[in-house]
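# An overview of the molecular structure
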Amino acid sequence: MTPQPTTRNRDIFKRLLTYVSHLKGIFIISALALVAYALVDATFLYLIKPFIDEGFASTPHPSSVGGIEIASSKGFQSGSDVLKIAPFIVIGLFAMRGTFNFIATYGVSYMSAHVVQTMRQQVFDHILALPVRYMDKVSPGELISKVTYDTEQIARASGNTLVSLIRDGVAVIAYLSVMFYYSWKLSLCILIIVPLISIVIATVNRRLRKVSRQIQNAMGTVTSASEQMIKGHKNVLVFGGQKTESERFAKVNKYNRYQNMKLATVQAISQPVVMVISSLALGGVIYTASFESLHNELTAGIFATILSTMIAMQGPIKSLTRLNAEFQRGMTACATVFELIDTPAEKDTGTVEVERVKGDLRFDNVSFHYPDHKKLALDRISLSVEQGKTLALVGRSGSGKSTIASLITRFYSELEQGKITLDGIDLQDYTLKSLRSQVALVSQQVTLFNDTIANNIAYAYPGKVTREQVEEAARLAYAMEFIERLPEGLDTEIGENGVMLSGGQRQRIAIARAILRDAPVLILDEATSALDTESEKAIQKGLDNLRRNRTSIVIAHRLSTIENADEILVIDQGRIVERGDHHQLLQRDGMYAKLYQMQFGG
């Protein structure tokens, strides 16, 4: 094995141990129980010699079982005394073995469950802190796989590896001690297999680590394909895409099976190879025992003990070899999870914290491009919105309207040039928490949670919220008219992402959430796009009330929703090509007028 992977595994394992560092007491108890478990097995093998040599002795003489002197008594031979006491010794040993096994299994399971819980929470919390630019590049399925599948692999590594490493490792050492105690000459045969097994394990390690990483990636692809189909289930049915999705999933599923079979092949080859190598030592013992020079030193009990111990040693060796695959998968999973945890969180270098801003917003010659894109998404944009005013942004899809909204909330903060200020303070100087608490966002893609309508409206509300406040927000958003018709009203469960509601109903709940937030800056990104004309007119009244005394940025395709805006900017290819109010822009007969004519037929 090359030094680099070994060092990497060592570093990863050290970091993994930090997750159980505060459980030292349970770790020590479990480790001692595993050691005792292995020593009980070795003790049983150690007693085979006196059981045979003295239990079946033909002449009476004092006998010893495990250091316990058993004196002959009249009418009984020592051999029968040994055989009479042997069952009690065996039962006692196996009772101890079972007790130690329970203690070790429970303790290790407790630590493994704790590792999974802690690591999953850490991964989940870190994902919440990752920048939007990172989330844009990573499939949600891959992240879900890290939270679920990868952490489960780590649990197996931290559990099974610990059990086998201590129990089987101590067992091998104890078995060797028993063998060398009774006959070091016969036991030397075992040294033949040590270097050979080391070579096999080192070779297998390299292959297992590579295959394990491929399995992690394959599992992320399976999760991603499943998530994609489930989210787009209605579209799949409408377009008859069942066959396409089935074939897509079959492809990634087959690849995942192929990677798992590669791992199984390595395991299947390595284990019998180790067993064959071990049999060389076993054969060597049997052959060596035939030498005349050893006949005076060996008894039937010694030979049986060494032979039984070598056969018993096959189990721990096989377990340690098999564990190697599990360990490599766990270490690979650890590596991928730690890579995610080590991904830099969203930068927050600001120091300014405010309770509530006035809302004077200004873009000063701002240019911006997305990561990994050379073309500017915004090119020298300058605009200003005073407190209580409404600025509308219109233009073709992809012109840069939503990018402006994303910069206000600092989803992207690395500007090519220029600066953005709120109340005269650079946005970069605000803390993220303070800045985003000033903004209420209603986007085209509404996100609702599998909870009640009331809890969705009050989502992440700072402080306590009363039932009356929730109802008032729903009423201003014109949502109560459909909420009151539901069986449980505001307490109705709406399912995953509001699946029980129509698109317009979901949009109104999102608007109610923004109303309840009562932020000084309001961003409406196609907020009424999912509403029919009648609902749009109704909700527009609520939005007009909401925009009073607030700085409002309205992004819209429907020009009817922005006719009353204080200023309208027409964005095209990241530039402002027109600006003015509704009537001024119509009189200019430019791009805005053409968009208006397309929607209203002149």
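Values in this document were obtained by computation on a predicted structure and should not be read as measured data.

What counts as what
- Residues numbered from 1 in each chain as written.
- Predicted model: local features only at pLDDT ≥ 70, side-chain atom pairs only at ≥ 80, totals over all residues.
- Heavy atoms only, no water.
- Helix = DSSP H or I, 4+ residues; strand = E, 2+ residues; numbered from the N terminus.
- Buried < 20%, exposed > 50% of the residue type's maximum accessible area, 1.4 Å probe, protein only.
- Contact = heavy atoms within 4.5 Å.
- Areas by Shrake-Rupley, 256 points an atom, 1.4 Å probe, with all protein chains shown as cover.
- UniProt positions renumbered as here; feature names shortened; annotations may be inferred.
- Phe/Tyr/Trp six-rings, centres within 6.5 Å; stacked < 30°, edge-to-face > 60°.
- Arc of directions from axis to C-beta.
- Salt bridge = Lys/Arg side-chain N within 4 Å of Asp/Glu carboxyl O.

## Comments concerning the overall build of the chain
- The secondary structure content of the chain amounts to 20 helices and 12 strands.
- The buried share among the 602 residues of the chain stands at 47%.
- The contacts in the chain between residues at least 6 apart in sequence include a share of 77% that link residues at least 24 apart.
- Summing over all exposed atoms, the chain offers an accessible surface of approximately 31,000 Å²; the carbon and sulfur share of this is 57%.

## Points about the UniProt feature "transmembrane region" (unreviewed entry) in the chain
- When the UniProt feature table is mapped onto this chain numbering, "transmembrane region" (unreviewed entry) sits at residues 26-48, 82-104, 184-204, 263-286 and 298-317.
- Along residues 82-104 one finds 100% helix and 0% strand; the C-alpha atoms at either end are 32 Å apart.
- Each end of residues 298-317 is marked by a C-alpha atom, and these two atoms are 26 Å apart; helix forms 90% of the span and strand 0%.

## Here's the deal with the packing of aromatic side chains
- Scanning the model with the defined rule gives 10 aromatic pairs in all.
- Ring centres of Y19 and F338 lie 6.2 Å apart, and the angle between their planes is 15 degrees; on these two criteria the pair is classed as stacked. Taken together, the positions of Y19 in the loop between helix 1 (3-17) and helix 2 (24-46) and F338 in helix 11 (residues 300-342) put the pair 319 residues apart, joining distant regions of the chain. In this structure, Y19 and F338 share a single accessibility class: buried.
- Considering the side-chain rings of F449 and Y459, the 4.5 Å spacing of their centres and the 25 degrees angle between planes classify their relative orientation as stacked. Here Y459 lies in the loop between helix 14 (453-457) and helix 15 (467-476) and F449 lies in the loop between strand 8 (439-442) and helix 14, a separation of 10 residues in the sequence.
- When its relative accessible area of 43% is taken as the criterion, Y459 is described as partly exposed.
- Ring pairing ties together the aromatic residues Y46, Y181 and Y182, which thus form one cluster.

## Comments concerning helix 20 (residues 591-600)
- Of all the positions in helix 20, only Y592, A593 and Y596 are classed as buried. Seen end-on, helix 20 carries its buried residues on one side only, within an arc spanning 95 degrees. Those residues of helix 20 that are exposed and angled more than 90 degrees off the buried face are K594 and M598.
- Looking at the buried positions of helix 20, the neighbouring elements they touch are strand 5 (390-395), strand 11 (567-572), strand 12 (575-580) and helix 19 (582-588).

## Comments concerning the pattern of salt bridges
- By the definition in use, this model includes 17 salt bridges.
- R120 is the salt-bridge partner of E152, the closest N and O atoms lying 3.0 Å from each other. Residue E152 is found in helix 6 (residues 140-182), and its partner R120 is found in helix 4 (residues 78-129); the two are separated by 32 residues along the sequence.
- As a salt-bridge pair, D518 and R356 come within 3.9 Å of each other at their nearest N and O atoms. A residue pair is termed long-range when its members are at least 10 positions apart, and D518 in the loop between helix 17 (503-517) and strand 9 (521-525) and R356 in the loop between helix 11 and strand 3 (361-368) qualify at 162 residues.
- With a relative accessible area of 35%, D518 lands in the partly exposed category.
- Taken together, the shared-partner salt bridges connect R356, D518 and R550 into one network.

## Brief notes about unusual backbone geometry
- One non-glycine residue, R380, lies in positive phi territory at about 50 degrees.
- The residue R380 is located in strand 4 (residues 378-385) in this model.
- Judged by its relative accessible area of 48%, R380 falls in the partly exposed class.
- At D589, a residue that is not glycine, the phi angle is positive and equals roughly 55 degrees.
- Structurally, D589 can be placed in the loop between helix 19 and helix 20.

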